[in-house]
Amino acid sequence: MKELFKGCWTIPNLISFIRILLVPLFAYLFMQGDFVPAVIVLALSGLSDCVDGKIARRFNQISALGKLLDPLADKLTQITLAVLLFVSFNQASDEMLKAFSWVFLVFIVKEVVMVLGGAVMLACGIRPGAAEIYGKVATFAFYAIMILVIAFGPEVGVFRTVFTLPNILMMILVIISAILTLVAFASYLPGTFRQFKERFSNK
């Protein structure tokens, strides 16, 4: 635990902590129907996610706690987004959109498995690895596409009166994000299995 909190008082860690606090705020605004503020909060969370890593590397403020807080903030945000969109599309009047809502369960299941897996690794004394390039690409695509859906998606888009994404185009974008998410998940498995093997073979 001392190693985990060593050098933890950094700007990137503060940003990650703020991002975690933004999750319930975003959910509350979205559920209250305050969609424009919700989109702004989500956009701020996404932008800060891009900034904290660069600050950490630029000013040598990388810490063990930061390696946990940053992905935790990502996962909590992604789970919340996926749940809210699943519920929204599941209540859509369009039967095609209602059926499509189940695709969002891919994101929910993947992130829940990652969170539980990370907890098991920590309990076993194994530190989860940093995000690979696949994970970074999948996270960027997820944020970009979900913000687009919340802003212009059919039936749920905040600004759909200005422009509405065609159903098929929205579905294609979400499916692309789901595929990238599964590829990112698969990319973590070899390293995770190797860490468990090394951990228990040394006993």
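Here we summarise the structure given alongside this text. (Residues numbered from 1 in each chain as written. Predicted model: local features only at pLDDT ≥ 70, side-chain atom pairs only at ≥ 80, totals over all residues. Heavy atoms only, no water.)

Quick notes on the overall build of the protein chain
Turning to step 1, where the next piece is worked out: A tally of helices and strands in the protein chain yields eight helices and zero strands.
Turning to step 2, where the next piece is worked out: Secondary structure elements of the protein chain, listed N to C terminal, follow the sequence α-α-α-α-α-α-α-α.
Turning to step 3, where the next piece is worked out: When each of the 203 residues of the protein chain is scored for burial, the buried share is 41%.
Turning to step 4, where the next piece is worked out: Partitioning the intrachain contacts of the protein chain with sequence separation of at least 6 by distance along the chain shows that 75% fall at a separation of at least 24.
Turning to step 5, where the next piece is worked out: In the structure as shown, the protein chain presents an accessible area of about 11500 Å², 71% of it carried by carbon and sulfur atoms. (Helix = DSSP H or I, 4+ residues; strand = E, 2+ residues; numbered from the N terminus. Buried < 20%, exposed > 50% of the residue type's maximum accessible area, 1.4 Å probe, protein only. Contact = heavy atoms within 4.5 Å. Areas by Shrake-Rupley, 256 points an atom, 1.4 Å probe, with all protein chains shown as cover.)

Details of the nonpolar core
Turning to step 1, where the next piece is worked out: Core analysis: the largest hydrophobic core is formed by 33 residues, its most contacted members being Phe26, Phe104, Met146, Met170 and Val174.
Turning to step 2, where the next piece is worked out: Those elements that place two or more of their residues in this core are helix H2 (11-31), helix H3 (35-58), helix H4 (64-90), helix H5 (95-100), helix H6 (104-123), helix H7 (133-152) and helix H8 (167-201).
Turning to step 3, where the next piece is worked out: Look past the residues within four positions of Met170 in its chain and what remains in contact with it is Phe89, Leu97, Phe100, Val149, Pro154 and Leu165. (Core = buried A, V, L, I, M, F, W, Y, C linked by side-chain atoms within 4.5 Å.)

Describing H7
Turning to step 1, where the next piece is worked out: With 20 residues, H7 should cover 28 Å at 1.5 Å per step; its first-to-last C-alpha distance of 28 Å lies within 8% of that length.
Turning to step 2, where the next piece is worked out: Taken together, the buried positions of H7 are occupied by Gly135, Ala138, Thr139, Ala141, Phe142, Tyr143, Ile145, Met146, Val149, Ile150 and Ala151. (Expected span 1.5 Å × (residues − 1).)

Some details on the packing of H6 against H8
Turning to step 1, where the next piece is worked out: The contact between H6 and H8 brings their axes to 10 Å, and the two run at 20°. Here H8 runs roughly parallel to H6, going by the angle between their axes. Considering how the two elements wind past one another, H6 and H8 form a crossing that is left-handed. In this structure, H6 uses Phe104, Val106, Phe107, Lys110, Val113, Met114, Val120 and Met121 to contact H8, whose residues at the interface are Val174, Ser177, Ala178, Thr181, Leu182, Phe185, Tyr188, Thr192, Gln195 and Phe196.
Turning to step 2, where the next piece is worked out: Tallied by class, residues from the contact of H6 with H8 come to 13 nonpolar, four polar and one charged. (Axes fitted to C-alpha atoms, helices over the stretch in contact; angles between N-to-C directions. Parallel < 35°, antiparallel > 145°, perpendicular 65-115°, else oblique. Left-handed = near helix turned anticlockwise from the far one by under 90°. Nonpolar A, V, L, I, M, F, W, Y, C, P; charged D, E, K, R; others polar.)

Comments concerning the pattern of salt bridges
In a structure, side chains of opposite charge can pair up when their charged atoms sit close to one another.
Turning to step 1, where the next piece is worked out: Across all of its chains, the model carries four salt bridges by this definition.
Turning to step 2, where the next piece is worked out: Notably, a salt bridge pairs Arg19 with Asp74, separated by 2.5 Å at the nearest N-O pair. Linking Arg19 in helix H2 with Asp74 in helix H4, this pair joins segments that are 55 residues apart in sequence. Note on accessibility: Arg19 and Asp74 belong to one class, buried.
Turning to step 3, where the next piece is worked out: The closest approach of N and O atoms between Glu111 and Lys110, which form a salt bridge, is 2.9 Å. Lys110 shares its class with Glu111; the two are buried.
Turning to step 4, where the next piece is worked out: A single salt-bridge network, built from bridges that share partners, covers Lys75, Lys110 and Glu111. (Salt bridge = Lys/Arg side-chain N within 4 Å of Asp/Glu carboxyl O.)

Quick look at the side chain of Thr77
Turning to step 1, where the next piece is worked out: Summarising the element assignment, Thr77 is placed in helix H4.
Turning to step 2, where the next piece is worked out: When sequence neighbours within four positions are dropped, the list of residues in contact with Thr77 reads Val23, Leu42, Ser45 and Tyr143.

Here's the deal with the side chain of Thr181
Turning to step 1, where the next piece is worked out: In this fold, Thr181 is placed in helix H8.
Turning to step 2, where the next piece is worked out: Excluding its chain neighbours within four sequence positions, the residues that come into contact with Thr181 are Phe107, Lys110 and Ala138.

Section: the environment of Cys124
Turning to step 1, where the next piece is worked out: Considering the arrangement of structural elements, one finds Cys124 in the loop between H6 and H7.
Turning to step 2, where the next piece is worked out: Once the C-alpha coordinates of Cys124 and Phe196 are considered, the two residues, 72 residues apart in sequence, prove to be 8.6 Å apart.

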